[in-house]
Amino acid sequence: MTRRARAVLFVCTGNICRSPLAEAVARAKAEAAGKSLNFDSAGTGDWHEGERPDPRAVGAGMARGYDLSGIVARAVTDEDFMRFDHIVALDAGHLRWLHNRRSALRLPERPMSRLMDWSIGLAGKDVPDPYYGDAAEFEGALDLIEKGVDGLIARI
């Protein structure tokens, strides 16, 4: 019997900045580690449904060798709560939203966490939203995302 690859969903607000960066970083780091994992990303809302990631996120990712080209924004669906083995929020507000949504749907418990809880020394921290900032804020968000993803890949 073949075992299917574990699937992880990253969630932020609009799915155009933090969660697509996390998805791209996780894909690259899992591949480099030789781990067969599936990744996706989504937003708590559908404001950017069908859009490509923010050009500043794409630029920050490209500068470090991460490919965001195939990522298109979408909202979290009810099915995501059953389809993914683990759902990873980029901040406490997203995690709260996910727990509330799962409870409202009366779905069974599924592993959900904040990305930085996977990191060493940064548990309990959020990845700040760089959307209203400049390129430096995208770089800072990416620094945190890389640390969180490193811990996630090491422990999954």
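Counting restarts for each chain, with residues numbered from 1 along the sequence as it is written. Restriction of local features to residues with pLDDT of at least 70 applies here, the model being predicted, together with a cutoff of 80 or more for giving and counting side-chain atom pairs; totals for whole chains, interfaces and linings are based on all residues. Here the side-chain values reflect all heavy atoms present in the structure, with hydrogen atoms and water set aside.

Chemist: Just to check I follow, could you spell out unusual backbone geometry for this structure?
Modeler: Generally, phi is negative for residues other than glycine and the peptide bonds are trans, each holding for most cases. Of note in the backbone geometry, Asn15 takes a positive phi value of approximately 65° without being a glycine. Within the fold, Asn15 resides in the loop between strand 1 (6-12) and helix 1 (18-33). For Asn15, a relative accessible area of 0% corresponds to the buried category. One non-glycine residue, Arg106, lies in positive phi territory at about 55°. Every helix listed is a DSSP run of H or I at least four residues long, and every strand listed is a run of E at least two residues long, numbered separately from the N terminus. Its location among the elements puts Arg106 in the loop between helix 4 (92-105) and strand 4 (112-114). Given the relative accessible area of 78%, Arg106 is considered exposed. A simple rule labels every residue: compare its accessible area, found with a 1.4 Å probe on the protein chains alone, to the largest value its type can have, and call it buried under 20%, exposed over 50%, or partly exposed in between.

Chemist: Which parts of the structure should I look at to understand helix 1?
Modeler: Since the α-helix advances by 3.6 residues per turn, residues separated by three or four positions end up pointing in the same direction. Across its 16 residues, helix 1 extends 22 Å between first and last C-alpha, which sits within 8% of the 22 Å expected from 1.5 Å per residue. Inspection of helix 1 places Arg18, Ser19, Pro20, Leu21, Ala22, Glu23, Ala24, Val25, Ala26 and Ala30 among the buried residues, and these make up the whole buried set. Here a residue-residue contact requires only that any non-hydrogen atoms of the pair lie within 4.5 Å. If you follow the buried residues of helix 1, they end up packed against strand 1, strand 2 (37-43), helix 2 (55-63), helix 4 and helix 5 (135-155). Gly34 occupies a position one or two residues after helix 1 and carries a positive phi of about 70°. Here a helix's expected span is defined as the number of its residues, less one, multiplied by 1.5 Å.

Chemist: Teacher, can you tell me more about helix 2 here?
Modeler: Among the residues of helix 2, those classed as buried are Ala57, Ala60 and Gly61. Buried residues of helix 2 fall within an arc of 95° about the axis and therefore sit on the same side. Of the residues in helix 2, the exposed ones pointing more than 90 degrees away from the buried face are Pro55, Met62 and Ala63. Here the buried face of helix 2 lies against helix 1 and helix 5. Polar contacts, as counted here, are pairs of nitrogen or oxygen atoms within 3.5 Å of one another; within protein the pair requires one atom able to donate a hydrogen and one able to accept it, and residues that are adjacent in sequence qualify only if both atoms are side-chain atoms. Measuring from the backbone nitrogen of Arg56 back to the side-chain oxygen at the start of helix 2 gives 2.7 Å, which picks out Asp54 as the cap. A positive phi of about 90° marks Gly65, the residue just after helix 2. As used here, the arc belongs to the directions running from the helix axis to the C-beta atoms.

Chemist: Help me understand the packing of aromatic side chains in this model?
Modeler: The relation between two aromatic rings is expressed through the spacing of the ring centres and the mutual angle of the planes. Only the six-membered ring of Trp is used, alongside the rings of Phe and Tyr, when aromatic pairs are assigned; centres must lie within 6.5 Å, and planes under 30 degrees apart are stacked while those over 60 apart are edge-to-face, with the rest tilted. One pass over the structure, following the stated rule, counts two aromatic pairs. Seen in terms of ring centroids, Tyr131 and Tyr132 are 4.8 Å apart; in terms of plane orientation they differ by 85°. Their pairing is edge-to-face. For Tyr132, a relative accessible area of 77% translates into the label exposed. Sitting above the plane of the Tyr131 ring, Arg56 keeps its charged end 5.6 Å from the centroid. Charge-over-ring contacts are defined here by two conditions on Lys NZ or Arg CZ: a distance within 6 Å of the ring centre and an angle within 35 degrees of the ring normal.

Chemist: Got a minute to help me understand the packing of helix 2 against helix 5 in this structure?
Modeler: What describes two packed helices is the angle between their axes and the distance between those same axes. Between N-to-C directions, angles span 0 to 180 degrees; the directions come from axes that are lines fitted to C-alpha atoms, helices contributing only their stretch in contact. Direction vectors running N to C along helix 2 and helix 5 enclose 55°, while the axes themselves pass 9 Å from each other. Taken together, the axis directions place helix 2 and helix 5 in an arrangement best described as oblique. Handedness of the helix 2/helix 5 crossing: right-handed. Of the residues in helix 5, those in contact with Arg56, Ala57, Ala60 and Gly61 of helix 2 are Phe138, Glu139 and Leu142. All amino acids are sorted into three groups, where Ala, Val, Leu, Ile, Met, Phe, Trp, Tyr, Cys and Pro are nonpolar, Asp, Glu, Lys and Arg are charged, and the leftover types, Gly among them, are polar. Partitioning the contact of helix 2 with helix 5 into residue classes produces four nonpolar, one polar and two charged. Should an angle fall under 35 degrees it is called roughly parallel, over 145 degrees roughly antiparallel, and 65 to 115 degrees roughly perpendicular, with every other angle called oblique. Two helices cross in a left-handed way if the nearer one is turned anticlockwise from the farther one by less than a right angle. They cross in a right-handed way if the turn is clockwise.

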